[in-house]
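# Structure at a glance
For reference, the chains in residue letters:
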Amino acid sequence: MAALVSLTGASLAQTVPDDAMPKSNLNIPENLQVFGKVDPNIRKPTALVNGAVITGTDVDQRVALLVAARDLKLNPAEMAQYKLLITRQLIDETLQIQQAKTAEVKIAPDEITKTYDSIVARNFGKTPTDMRVYLRSIGSSERSLKRQIEAELSWNKYLRRKVDVNVGDEEVKAIIKKLTEAQGTTEYHVREIYLKADADRAQEVFNQAKQMMTSIQKREKGDDSFGYYARGFSNATTAATEGDLDWLSETQLSQLPPALVEAIKSMTPEHLAGPIEVPGGFSIIYLVETRKVGVADPLDATLTLKQVSVRFPEGISQTQADVRVTEFAKATQAIRGCGEVAKVAATLGAEVVDNASVQVKALPGALRDIMLKLQVGEASPPFGSVKDGIRTLVLCGRDEARGGNVPGMEQMRGQMENQRTNLRANQLLRDLRRDAIVEYR
């Protein structure tokens, strides 16, 4: 589940690999002797965080949901990595809840329940009752998911109360001027996972990166496997922002390693590239999207749609489903205008869902080009599966994107304030981690 606060706002300096950053002031000797023994294969998944207990059950239930949502097949070593990653996440959530309570920020139980019900319907397509059964079947629980929701709601409310940022008019005008001068140029929204690799571990790290990519490529809509891996394994400082480099101009892009620049410019949005060898290790790159500065983006167009869908009965064979798909396609492709949808749906025994405000960019990549080419009143080709049923989208209206990407004063001020708030949130969480008393058990 995506976090309710998007902690973006990484500067270009944060994209530089660790070994290219200035040396720390820790003055650690090059030739050192380690006293004692640390076994890297021993993992301690439970902890006390300022006295609050994180149990093995807490970790197992969150991991179970993560594994089921992504249909992951993990070997014991990978499972240990996931448990360690989830333990860190649970520690952060505990710190966020504790800090909010210290500031007398209260989240009512009904607020958590309302948010839970909304997320369950939107992200999982289930009722609360069905979700309870599903969670138990995979070894998870409502309590696990509601804990994450409580942490996010508490932290958001705490930030709104405690973080105050002001952006002056001159700052806003300077940014708008810079964007105006860059009109027509391309910007790239990029995310990166950087894995440091010494020469003797290059092949091992390369294989680890390939495994990460395989897992990420299985992701479903709304799932952010990239963010999990970036936060838990990336050696770049952008791990704190789940690998988000934000929007990069041509000038900023040119400051990255040449291999990354070449890969990014050859990619299409919503695709991965890697592992790419860079100084000191390997990078996995995800191109979120591109845009022309000051030019209206067709993907920002808002569509009015009717979805016509039919579910298949359990146990239907692929042959029987193919026949049903052919009948469905013939009927829906004959639709000429949204006024005919209800009539056609009735002949098919189909369900119709109206949605009057869907941005093209919110649709799955495979549907975006299709919907942009449709005329009002036409239906998309059928899509779906034996498991999920068959459906089509009928285009009832299109509001084209207006203007370009250069915002007005207040919009730009809001963006800058959000960015600074997010940076401050990262700093606050880092301070909480530093001052916390964490006892692993």
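In what follows, the structure referred to is the one given above.
In what follows, the accompanying structure is described.

Thresholds, definitions, all that
Residues numbered from 1 in each chain as written. Predicted model: local features only at pLDDT ≥ 70, side-chain atom pairs only at ≥ 80, totals over all residues. Heavy atoms only, no water. Helix = DSSP H or I, 4+ residues; strand = E, 2+ residues; numbered from the N terminus. Expected span 1.5 Å × (residues − 1). Buried < 20%, exposed > 50% of the residue type's maximum accessible area, 1.4 Å probe, protein only. Contact = heavy atoms within 4.5 Å. Pairing = 2+ DSSP bridges. Axes fitted to C-alpha atoms, helices over the stretch in contact; angles between N-to-C directions. Phe/Tyr/Trp six-rings, centres within 6.5 Å; stacked < 30°, edge-to-face > 60°. Arc of directions from axis to C-beta. Disulfide = S-S within 2.5 Å.

Our focus in this paragraph is helix H1 (residues 56-70). With 15 residues, H1 ought to run about 21 Å at 1.5 Å a step, and its terminal C-alpha atoms sit 21 Å apart, in line with that. Every buried residue belonging to H1 is among Asp 58, Val 59, Gln 61, Arg 62, Val 63, Ala 64, Leu 65, Leu 66, Val 67 and Arg 70, and all of these are buried. Against strand E2 (52-54), helix H2 (76-102), helix H3 (109-124), helix H4 (128-137), helix H5 (142-162) and helix H8 (225-233) lie the buried residues of H1. With its phi angle positive at about 55°, Asp 71 sits one or two positions after the end of H1.

Moving on to the sheet that holds strand E11 (residues 438-440). Spatially, E2-E1-E11 is the arrangement adopted by the three strands of the open sheet, whose pairing is antiparallel. Every interior strand has two partners, whereas the edge strands, E2 and E11, have only one. Taking the axes of each pair of neighbouring strands and ignoring which way they run, one obtains an average angle of 20° across the sheet. Note: strand E1 (residues 47-49) against E11, three bridges, orientation antiparallel.

With that out of the way, let us pick up the packing of aromatic side chains. Considering all chains together, one arrives at four aromatic pairs under this definition. Seen from their ring centres, Phe 226 and Tyr 286 are 5.9 Å apart, and the 40° between their planes marks the pair as tilted. On the criterion of sequence distance, the pair formed by Phe 226 in helix H8 and Tyr 286 in strand E6 (residues 281-292) is long-range, its members being 60 residues apart. Assigned by exposure class, Phe 226 and Tyr 286 land together as buried. With 5.8 Å between their ring centres and 35° between their planes, Tyr 229 and Phe 233 make a pair best called tilted. Of this pair, Tyr 229 and Phe 233 both sit in helix H8, four residues apart, which is roughly one turn of that helix.

An α-helix turns once per 3.6 residues; consequently, residues spaced three or four apart project the same way. Where helix H10 (residues 258-266) is concerned, the buried positions are Leu 260, Val 261, Ala 263 and Ile 264. Buried residues of H10, seen end-on, are gathered within an arc of 165° and therefore sit on one face of the element. For H10, exposure combined with an orientation more than 90 degrees from the buried face picks out Pro 258, Glu 262 and Ser 266. Each element contacted by the buried residues of H10 is listed here: strand E3 (186-196), helix H9 (250-253), strand E5 (271-278) and E6.

On to the side chain of Thr 94, then. By the element assignment, Thr 94 lies in helix H2. Not counting the four nearest positions on each side in its chain, Thr 94 is found in contact with Val 49, Ala 52, Ile 54 and Arg 147.

With that settled, the discussion passes to the state of the cysteines. Inspection of every chain in the model, using the stated rule, returns one disulfide. Disulfide pairing is shown between Cys 338 and Cys 396; the S-S distance is 1.8 Å. A torsion of -100° about the S-S bond marks the disulfide between Cys 338 and Cys 396 as left-handed. Of this pair, Cys 338 sits in the loop between helix H11 (318-333) and helix H12 (341-348) while Cys 396 sits in strand E10 (residues 389-399); the two residues are 58 residues apart in sequence, bridging distant segments of the chain.

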